[in-house]
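Below, each chain spelled out in residue letters.
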Amino acid sequence: MHQSRQRFIFYVSGIIIMTFGIALTIRSLMGTSPFDALLVGLFQTFGLTIGSWEIVVGLALVLFNAAAQRRKLEYFALLTSLITGMGIDLWLFVLGDSISPLTLFGQAACLILGVGIVGLGVAVNLQADFAPNPMDRSMLVINQLTGLNVAISRAIISLVLVILAFLFGGPIGIGTLFSALITGVFIKFFMPYTARLNKGKGTDPASGDETPIIH
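The structure contained in this document is the topic of the report that follows. Please read all numbers here as calculations on a predicted model, not as lab measurements. (Residues numbered from 1 in each chain as written. Predicted model: local features only at pLDDT ≥ 70, side-chain atom pairs only at ≥ 80, totals over all residues. Heavy atoms only, no water.)

## Here we look at the overall build of the chain
- Per the secondary structure count, the chain includes 8 helices and 0 strands.
- Burial analysis of the chain (215 residues in total) assigns 44% to the buried set.
- Counting only contacts in the chain whose residues sit at least 6 apart along the sequence, the fraction spanning at least 24 positions is 81%.
- Summed over all atoms, the accessible surface of the chain reaches about 11100 Å², with 71% contributed by carbon and sulfur. (Helix = DSSP H or I, 4+ residues; strand = E, 2+ residues; numbered from the N terminus. Buried < 20%, exposed > 50% of the residue type's maximum accessible area, 1.4 Å probe, protein only. Contact = heavy atoms within 4.5 Å. Areas by Shrake-Rupley, 256 points an atom, 1.4 Å probe, with all protein chains shown as cover.)

## Focus: the nonpolar core
- Grouped together as the largest cluster of nonpolar side chains are 31 residues, with contacts concentrated most on Leu-39 and Ile-50.
- Contributions of two or more residues to this core are made by α1 (2–28), α2 (34–46), α3 (50–69), α4 (75–95), α5 (104–126), α6 (134–146), α7 (150–167) and α8 (174–197).
- In this view, Leu-39 contacts Ile-50, Trp-53, Glu-54, Val-57 and Ile-88; residues no more than four positions away in its chain are not counted.
- Phe-10, Ile-15, Ile-83 and Val-124 belong to the second-largest nonpolar core, a separate cluster that totals 7 residues. (Core = buried A, V, L, I, M, F, W, Y, C linked by side-chain atoms within 4.5 Å.)

## Regarding unusual backbone geometry
- In this structure, Leu-29 is a non-glycine residue whose phi angle is positive, near 65°.
- Checked against the element boundaries, Leu-29 lands in the loop between α1 and α2.
- A positive phi angle, close to 60°, is found at Leu-48, a residue other than glycine.
- Inspection of the secondary structure puts Leu-48 in the loop between α2 and α3.
- You can call Leu-48 exposed: its relative accessible area is 56%.

## Remarks on the environment of Trp-53
- In this fold, Trp-53 is placed in helix α3.
- The exposure class of Trp-53 is buried, given its relative accessible area of 13%.
- Sequence separation of Trp-53 and Leu-42 is 11 residues, and the distance between their C-alpha atoms is 7.0 Å.
- Trp-53 has contacts with Leu-39, Leu-42, Phe-43, Phe-46, Gly-47, Leu-48 and Gly-58, leaving out every residue within four places of it along the chain.
- Within the local environment of Trp-53, its side chain forms a polar contact with the backbone oxygen of Leu-42, the two atoms lying 3.5 Å apart. (Polar contact = N/O pair within 3.5 Å; in protein donor to acceptor, adjacent residues only side chain to side chain.)

## Here we look at the side chain of Thr-176
- Take Thr-176: it is sitting in helix α8.
- Side-chain polar atoms of Thr-176 contact the backbone oxygen of Thr-32, separated by 2.7 Å.
- Aside from chain neighbours lying at most four places away, what touches Thr-176 is Met-30, Gly-31, Thr-32, Ser-33, Pro-34 and Pro-171.

## Observations regarding the packing of α3 against α4
- Look at α3 against α4: their axes get within 7 Å of each other, and the N-to-C directions meet at 165°. Judged by the inter-axis angle, α3 sits roughly antiparallel to α4. By crossing handedness, the relation of α3 to α4 is classed as right-handed. Of the residues in α4, those touching α3 at Ile-50, Gly-51, Ser-52, Glu-54, Ile-55, Gly-58, Leu-59 and Val-62 are Ala-77, Leu-78, Ser-81, Leu-82, Thr-84, Gly-85, Ile-88, Asp-89 and Leu-92.
- Considered class by class, the residues forming the contact of α3 with α4 number 9 nonpolar, 6 polar and 2 charged. (Axes fitted to C-alpha atoms, helices over the stretch in contact; angles between N-to-C directions. Parallel < 35°, antiparallel > 145°, perpendicular 65-115°, else oblique. Left-handed = near helix turned anticlockwise from the far one by under 90°. Nonpolar A, V, L, I, M, F, W, Y, C, P; charged D, E, K, R; others polar.)

## Regarding the packing of aromatic side chains
- Within this structure, the stated rule accounts for 6 aromatic pairs.
- Seen in terms of ring centroids, Phe-46 and Trp-53 are 5.9 Å apart; in terms of plane orientation they differ by 50°. Their pairing is tilted.
- A ring pair is formed by Phe-189 and Phe-190, whose centres lie 5.1 Å apart and whose planes are at 75°; its orientation type is edge-to-face.
- Put simply, the rings of Phe-46, Trp-53 and Phe-168 pair up and form one aromatic cluster. (Phe/Tyr/Trp six-rings, centres within 6.5 Å; stacked < 30°, edge-to-face > 60°.)

## Some words on a nonpolar patch on the surface
- Together, Ile-152, Ile-156, Leu-159, Val-160, Ile-163, Leu-164, Phe-166, Leu-167 and Ile-172 make up a nonpolar patch on the protein surface, roughly 810 Å² of accessible area in all.
- By the element assignment, Leu-159 lies in helix α7.
- Residue classification places Leu-159 among the exposed residues on the basis of a relative accessible area of 53%. (Patch = residues over 30% accessible without salt bridge, like charges linked within 9 Å, V, L, I, M, F, W, Y side chains within 5 Å. Salt bridge = Lys/Arg side-chain N within 4 Å of Asp/Glu carboxyl O.)

## Describing the packing of α2 against α3
- Contact geometry for α2 and α3: axes closest at 9 Å, N-to-C directions at 115°. In the crossing of α2 with α3, the sense of the turn from one axis to the other is right-handed. In this structure, α2 uses Phe-35, Leu-39, Val-40, Leu-42, Phe-43 and Phe-46 to contact α3, whose residues at the interface are Ile-50, Trp-53, Glu-54, Val-57 and Leu-61.
- Here the contact of α2 with α3 is built from residues that sort into 10 nonpolar, no polar and 1 charged.

These figures come from the coordinates and say nothing about function on their own.
Here it is, written out as structure tokens:
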């Protein structure tokens, strides 16, 4: 019971931290991850909120994953999208106009800080091993259906997301490339510390068995 509660705390805390980083990358105006760029593009095109589109796109991915594998819906994956969407909207509301960098230096600092915090959030979330992320599950589905390795499968998804984000006017920029290349570096850096915080009860950071939530 205690271990389950601890896992849930890591799960929620990781998403809260990660969504704060996502909000900062959005505020940087230098581009966000392919997935978040699509969410912003949909928000700018159709309205609602960025977090609402996180939930909608997450639901679409869950339906795709279930249909492709001919399995039941992964309801915990929907929970991940729901909490993530709420977190993004909450942080964007809290930040308001207080963080709107106008200079290139300020925008770059906001981007780097945001990506670093995303990496920390993912590292914390990995200790939970609690619920699947719809996008990462789609990556594994493509891997299983096509035989392509995980890296190529994720690259295909990222390419599709970039194309869709571009079509909807999402913020594709240097930040998109930076996020794709550097987020993993931050995750690797923070993993030993979050594992230590978990007192050795979480995922072994060296095992590489878990698929991280990366936006």
